Amino acid sequence: MAENNRLIVGVYLISLVVKVLLIPTYRSTDFEVHRNWLAITHSKPYGEWYSDGASASEWTLDYPPLFAWFEWALSQCGALVDPGMVNVDNLGYESDATVVFQRLTVIMSEVVLVLGALFAMHGTSISKKALAVFLVAAHPGLYIVDHIHFQYNGMLLGLLALSIYFATYGNDALATATFTVLLCMKHIYLYVAPAFGAYYLGLLWDLPLVQSVRLFSTLVAIALSVLAVSFGPFIGKGMLPQIISRLFPIERGLVHAYWAPNFWALYAALDKGLSVMLPGIGMERFVSSTKANLTGGLVGVSSFSVLPEVTSSTTFIITVCAMMPALIQIFRRPYPGTLVETVVYCSLCSFLFGYHVHEKAILMTLIPMAIMVAKARHGDRMAGLYMFLTTIGTYSLFPLLTEPQEYLIKVFLLLTYLIIAVPWLMREGVLSTTAGHSRLEKIYLMGIVPVELYCSFGHGMVFKDRWPFIPLMLISVYSAIGIVYAWGVMGMSYIGTVRAQTGARALVAHVGVRGNRVATYTFEGRPRQLHHMRQSGLDSICASSTASNPYEALESVTCDLDSFPDCKFFRVEAIVRPWRIPKLVEVLNSAGIRGMTVSDVLGAGVQGGSRERFRGTEFGSVGNLLVDKSRIDIVVTRAQVDAVERLGMGKFLCTLSQK
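Asks: Looking at this structure, how should I read the overall build of the chain?
Replies: Within the chain one finds 25 helices and eleven strands. A sequence separation of at least 24 residues applies to 78% of the contacts in the chain between residues at least 6 apart. As presented, the chain carries roughly 28200 Å² of accessible surface, and 65% of it is formed by carbon and sulfur atoms.

Printed below as a string of structure tokens:
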């Protein structure tokens, strides 16, 4: 085991070396932004941090209070390294010590992301854990944004991964606290708040009234406590209106100076094209006399020449509507395993349709999706979609690095990641040729090459200094087409379908012990370590026979293994696809479970009786209803129940046995 753990450590250390080597590379204005925040929080009392006169710099503090306190903590160490970096009057200060210190704070804070990935992969093999660490820690987008351009996204995405993990494994209090802390560090994570909200609303709806009220009260109290600690001191100083105006600057306009590759980039490009084309065909009356300044590189409210103006309220409505299929689905079936994919989908909706979205926000989709894919089962379509999206998403970040000396670095980081990730995913069985890229996706990805050649070399050779916005616009629009396509593929998986088994196990449990008898009841519950059950709830169910209890009345039942202290052994029956048996046996053996019985069965589930093909073998159907399945039966101890449940065994039946 210790030898296997070296793989995880080795992957992380290699990514660490790369980040250290990137310390002297290009730094954007975000580097000075964060240095100025160090100076403000160190030099001024907290009641003045958000005031307009806190610094002569234009880079005012516009993150929530907990991030401000994070900067304050870093400034205490920074003052010991180089007092000049925390001098509020030292605008543009970039001593060697300051550069190394700030770069190292990003690298060290990213440990939270690695821990989040490892927690999320709990119960999986060492190889899969190492894969997850590689996919997130060595992600080229994260290299570009955090370790070259300069930001702290790794730490924040780690908090997001931890909050998903805590919610998935039933620790609702920690999940709420962690996610609220995340919101109080960077409010952009409101993008994914609807996913958590719909998940917990669905959970509260399914629980008995008393338990629902108790859980709701607990979660609200925790969230309000974190908010009070974060905002309370500043409210006391009368700074809340100033903080709100900093956090939600509507005056910044619909699109960023460099168009994020989203729906509004396509909208703006269409407006630009129409404003040029219409006068040439005698339709200049449709073009506004006010010249559009969407390509001027300035941050501010911009106007369209032809198309209708888009307000922040309009983008909010569109974003919520785009999220609704996933939110409805997770509300109806709040399985913890589906939370991460709902978070991914909601973040992508917010990226595509949000107001004044930065191109860097694509990481909020890519990093959680990387963890989801690393934990996926065989032949998951999302693995191919992830590689497609991470390629185009990372390419859309290329314009952030404008210096010629960084060109080969960004290309090398992306290509190296793809060369390592694709074979690794295939070796783990997550990515297969049948679940990879479609022909259309391959053609689109190959189109990146001519687009990049023109934007980086061809445009300058042909047009010199004229029309400098064309390369940026072309990259943004081309990337937006691919990202919109990926969003469409994800969205279609929700519309009109029930994804009860994607990313989660539909748990079928036999519960209810009265005296020396095991009363069996079946229900479709949640793999939340079988918690939130009280013995009184079991007593009311066990009052009558199994046959007299309707399925609907049992759906909301969940239980805690502690409710059955006398049960020493548990029989687990799993129904899986035949080709998963070898890998499943291997994983069970690695978990110390040797005895098992495997048999061939017929069944139908989400496949609807459709034929399946794997490695040249077709698994047919009987009467267009039943398909070939395999059943595996094992007996485990109490301590092994949770480990077995997290193996991704498909549907499984857990029978309590009194010994």
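There's plenty left to go through after this.
Asks: Explanation requested: the pattern of salt bridges in the structure shown.
Replies: Opposite charge on two side chains permits pairing when their charged atoms draw close. Summed over the entire model, instances satisfying the criterion amount to six salt bridges. A salt bridge links arginine 631 to aspartate 633; the nearest nitrogen and oxygen atoms lie 3.1 Å apart. According to the relative accessible area criterion, arginine 631 is partly exposed, its value standing at 28%. Classification of aspartate 633 by relative accessible area gives buried; the value is 13%.

Asks: Even after reading the chapter, I still don't get the nonpolar core, so can you show me in this structure?
Replies: Note that soluble globular proteins tend to have their nonpolar side chains buried in a common cluster. Membership of the largest hydrophobic core comes to 165 residues, with the highest contact counts inside it found for Leu135, Leu157, Leu160, Met369, Leu389 and Met490. In this structure, leucine 135 is in contact with Ala370, Ala374, Tyr386, Tyr417, Ala421 and Leu425, ignoring residues within four places of it in sequence. Within the second largest apolar cluster, eleven residues are counted, among which are Phe570, Ile581, Leu584 and Ile593.

Asks: Teacher, can you tell me more about the side chain of serine 230 here?
Replies: Examined against the element boundaries, serine 230 turns out to sit in helix H11 (residues 209-236). Residue classification places serine 230 among the buried residues on the basis of a relative accessible area of 0%. When near neighbours in sequence (up to four residues on either side) are disregarded, serine 230 contacts Pro65, Leu66 and Cys184.

Asks: Honestly, the packing of aromatic side chains in this entry has me stumped. Any pointers?
Replies: Each aromatic ring pair is specified by the distance between its two centres and by the angle formed by the two planes. Within the structure shown, the criterion is met by 32 aromatic pairs. With a centroid separation of 4.9 Å and 70 degrees between ring planes, the pair formed by tyrosine 199 and tyrosine 200 is classed as edge-to-face. Neither tyrosine 199 nor tyrosine 200 differs from the other in exposure class; each is buried. Each member of the aromatic cluster is reached from another via a ring pair, and the members are Phe31, Trp37, Tyr63, Phe67, Phe70, Phe150 and Tyr152. The cationic tip of arginine 27 hangs over the ring face of phenylalanine 31; the distance from NZ or CZ to the ring centre is 5.4 Å. Across from the ring centre of phenylalanine 469, 5.5 Å away, lies the NZ or CZ of lysine 272, which sits over that ring.

Asks: Would you explain a nonpolar patch on the surface in this entry?
Replies: Taken together, the side chains of Leu190, Ile235, Leu240, Ile244 and Phe248 define a hydrophobic patch exposed on the protein surface, amounting to about 420 Å² of accessible area. Locating leucine 240 in the fold gives a position in helix H12 (residues 240-247). Accessibility expressed as a relative area gives 31% for leucine 240, which makes it partly exposed.

Cut-offs used in this document
- Residues numbered from 1 in each chain as written.
- Predicted model: local features only at pLDDT ≥ 70, side-chain atom pairs only at ≥ 80, totals over all residues.
- Heavy atoms only, no water.
- Helix = DSSP H or I, 4+ residues; strand = E, 2+ residues; numbered from the N terminus.
- Contact = heavy atoms within 4.5 Å.
- Areas by Shrake-Rupley, 256 points an atom, 1.4 Å probe, with all protein chains shown as cover.
- Salt bridge = Lys/Arg side-chain N within 4 Å of Asp/Glu carboxyl O.
- Buried < 20%, exposed > 50% of the residue type's maximum accessible area, 1.4 Å probe, protein only.
- Core = buried A, V, L, I, M, F, W, Y, C linked by side-chain atoms within 4.5 Å.
- Phe/Tyr/Trp six-rings, centres within 6.5 Å; stacked < 30°, edge-to-face > 60°.
- Lys NZ or Arg CZ within 6 Å of the ring centre and 35° of its normal.
- Patch = residues over 30% accessible without salt bridge, like charges linked within 9 Å, V, L, I, M, F, W, Y side chains within 5 Å.

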